[in-house]
Amino acid sequence: MKHDSTQSAVGAQLSKVTRLFSTVLAFASGTFFSQSQPVITAGDLFNQVGQYYRAYSNQFDPMDISGGTAYIVPGDLIGSAGPDQFWDFSTGPKEKVLRFDYVSPAGIEAAADFAAAKVAEKKTEELDGSVQWLFFEQVPGQGRKVYGFYADNPLFTPSNVFVPPILDFPDRITYGLEWTTSTTFENDLSINNADPTDPDGVGLFNIRQQTTLSSKFKADAYGTIVLPDSLGAFRQGLRINEEQTIDIAVDLGEGQFQHIETDYTRNYYWLMPGLGIVAQLNSTQNSSLAPDNFSRATAFLRMFETNKKASTGGNCNNPGSVTDLKIRLDGGSILLTWSKAECASQYRVEYTSNPAVAGSWTPLGVPTSNLRWLGENTAADQIRFYRVVSLK
């Protein structure tokens with residue numbers, strides 16, 4: 001079975017190399033690295049009981065409607081849409097440490113309203129010990145099905161049940177993929193307006209609130225992601241751009257909801273094969289959608305510790321992309337080397353002189369089970385691009 005997302009091209013001029021290109025080779029020590037299009041599958045995400053990760057985060061006051069405590073986003077952090085991006089998350093704010101544990105919902109009091117959930121994500125702020133819960137199941141061939149969340153709040157009732165549940169991260173995510181979600185949840189807003197000096201004060205009363213969340217997602221960029229040194233990881237990953245609309249309605253006791261406000265946020269997620277969501281950046285919530293390169297954020301998370309190991313995603317039906325693809329040139333011959341891909345038993349080397357033409361790739365011999373390919377002693381004066389296709 002062919003893996004749909006093959007390694008992107010690595011180019012080299014093989015013979016009669018121009019003086020300029022020879023100089024580039026000398027500076028690069030004859031080595032080139034691929035810019036592959038990564039594929040994120042269910043096996044890459046955190047969805048198994050016993051997994052955990054920890055992440056650095058900034059400090060933001062959730063009651064700050066002015067955004068004065070928001071994180072000031074560096075101008076080069078977000079990057080642009082498209083291929084060949086570079087995101088350095090090795091440094092950033094460390095005011096808080098968040099721990100995410102994936103546990104069984106069985107026996108958890110907060111899980112009472114989420115009976116269909118198979119996994120609970122327990123988010124703990126290590127500084128003060130506060131906890132929030134997300135309840136979901138991983139549906140094979142579909143994605144992560146989220147039933148809602150539970151969060152203690154001084155004003156709102158904590159249980160927030162999604163009607164309907166949403167599939168927020170599909171089972172397979174590739175560059176350019178777009179999808180949408182929409183759900184509604186209700187809770188009670190408790191307000192105490194009693195005057196302690198007035199024995200006839202009205203006291204505590206509740207307002208029923210309805211929140212509708214609608215999101216448009218797009219995997220709009222890919223490139224190299226650098227994580228904190230404690231993980232020592234850098235590899236190709238995807239960026240997901242979420243445009244979220246938040247509609248608020250309330251029932252003032254008349255038995256029907258009245259719309260009172262619409263707000264917007266833009267959220268970015270960076271996903272890496274084997275490690276899932278490794279970074280997240282959320283814009284402030286405003287009456288208009290934040291621009292692509294927004295300057296203030298309520299949250300900036302960076303994974304720095306985990307017990308997760310790269311997964312084959314269950315039945316191992318889809319070979320992963322090769323990594324560490326390198327090309328070396330000696331005279332008119334080339335040597336391609338790469339690292340083993342998940343679920344792949346063979347590899348096919350292909351070339352083209354024009355990678356913009358999808359049907360122009362030509363196999364170079366029969367597939368190989370080795371992690372190297374040597375040959376292509378070319379006498380013609382030409383430029384060629386190479387890729388390695390993972391096969392089942």
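Scroll up for the structure.
Computed from a predicted model, the values in this text were never measured in an experiment.

Definitions and cut-offs
Residues numbered from 1 in each chain as written. Predicted model: local features only at pLDDT ≥ 70, side-chain atom pairs only at ≥ 80, totals over all residues. Heavy atoms only, no water. Helix = DSSP H or I, 4+ residues; strand = E, 2+ residues; numbered from the N terminus. Contact = heavy atoms within 4.5 Å. Areas by Shrake-Rupley, 256 points an atom, 1.4 Å probe, with all protein chains shown as cover. Buried < 20%, exposed > 50% of the residue type's maximum accessible area, 1.4 Å probe, protein only. Pairing = 2+ DSSP bridges. Core = buried A, V, L, I, M, F, W, Y, C linked by side-chain atoms within 4.5 Å. Salt bridge = Lys/Arg side-chain N within 4 Å of Asp/Glu carboxyl O. Phe/Tyr/Trp six-rings, centres within 6.5 Å; stacked < 30°, edge-to-face > 60°. Lys NZ or Arg CZ within 6 Å of the ring centre and 35° of its normal.

Caption draft 1: Representation of the overall build of the protein chain. Check the secondary structure of the protein chain and you find one helix and 24 strands. Sequence-distant contacts, at least 24 apart, represent 64% of the contacts inside the protein chain between residues at least 6 apart. With an accessible surface of roughly 19,300 Å², the protein chain has 51% of that area assigned to carbon and sulfur atoms.

Caption draft 2: Up close: the pairing of strand β18 (residues 296–306). Burial within β18 is extensive, with eight of its eleven residues counted as buried. Note that strand β4 (residues 52–57) and β18 share four bridges and pair antiparallel. Among the inter-strand pairings, Tyr 56 is bridged to a residue of β18, identified as Arg 302. Two elements, strand β17 (residues 276–283) and β18, share five bridges in a ladder whose sense is antiparallel. Bridge pairing in β18 places Ser 283 opposite Ala 297.

Caption draft 3: Local environment of the pairing of strand β21 (residues 346–352). Taken across its seven residues, β21 has six buried, putting it largely inside the fold. Of the pairings in the sheet, the one linking β21 to strand β24 (residues 383–391) comprises seven bridges and is antiparallel in character. By the bridge assignment for β24, Gln 346 is matched with Leu 391. Bridge count for β21 against strand β22 (residues 362–363) is two bridges, and the pairing is antiparallel. Counted as the bridge partner of Tyr 351 is Thr 362 from β22.

Caption draft 4: Expanded view of the nonpolar core. Within the largest apolar cluster, 40 residues are counted, with the highest numbers of intra-cluster contacts made by Val 73, Phe 89, Ile 225, Trp 270, Val 278, Leu 281 and Phe 294. Sorting elements by how many residues they give to this core places β18 first, with five residues. Apart from residues no more than four positions distant in its own chain, Phe 89 is found in contact with Leu 77, Ile 225, Val 226, Leu 227, Pro 228, Trp 270, Ala 279, Phe 300 and Arg 302. If you look at the next biggest cluster of nonpolar residues, it comprises 15 residues, including Trp 338, Tyr 347, Tyr 351 and Tyr 386.

Caption draft 5: A look at unusual backbone geometry. The omega torsion across Val 163 and Pro 164 is 0°, close enough to zero to call that bond cis. Position of Pro 164 among the secondary structure elements: in strand β11 (residues 159–170). If you check the backbone angles, Asp 84 has positive phi at about 60° while not being a glycine. Among the secondary structure elements, Asp 84 is positioned in strand β6 (residues 82–88). Within the chain, Asp 324 stands out as a residue other than glycine whose phi angle is a positive 55°.

Caption draft 6: Region of the structure containing the pattern of salt bridges. Taken as a whole, this structure holds 15 salt bridges when the rule is applied. Measuring nitrogen to oxygen at the nearest pair gives 3.7 Å for the salt bridge that ties Glu 125 to Lys 96. Placement of the pair is Glu 125 in strand β8 (residues 119–125) and Lys 96 in strand β7 (residues 96–103), with a sequence separation of 29 residues. Across this residue pair, the class does not change: Glu 125 and Lys 96 are buried.

Caption draft 7: Region of interest: the packing of aromatic side chains. Counted under the stated rule, the structure contains 21 aromatic pairs. Both rings, one in Tyr 268 and one in Trp 270, keep their centres 5.8 Å apart while their planes meet at 35°; by these two values the pair is tilted. Neither Tyr 268 nor Trp 270 differs from the other in exposure class; each is buried. Taken together, the aromatic side chains of Tyr 71, Trp 87, Phe 89, Tyr 268, Trp 270, Phe 294 and Phe 300 make up a single cluster linked through ring pairs. Taking NZ or CZ as reference, Arg 144 lies 5.2 Å from the ring centre of Phe 136, over its face.

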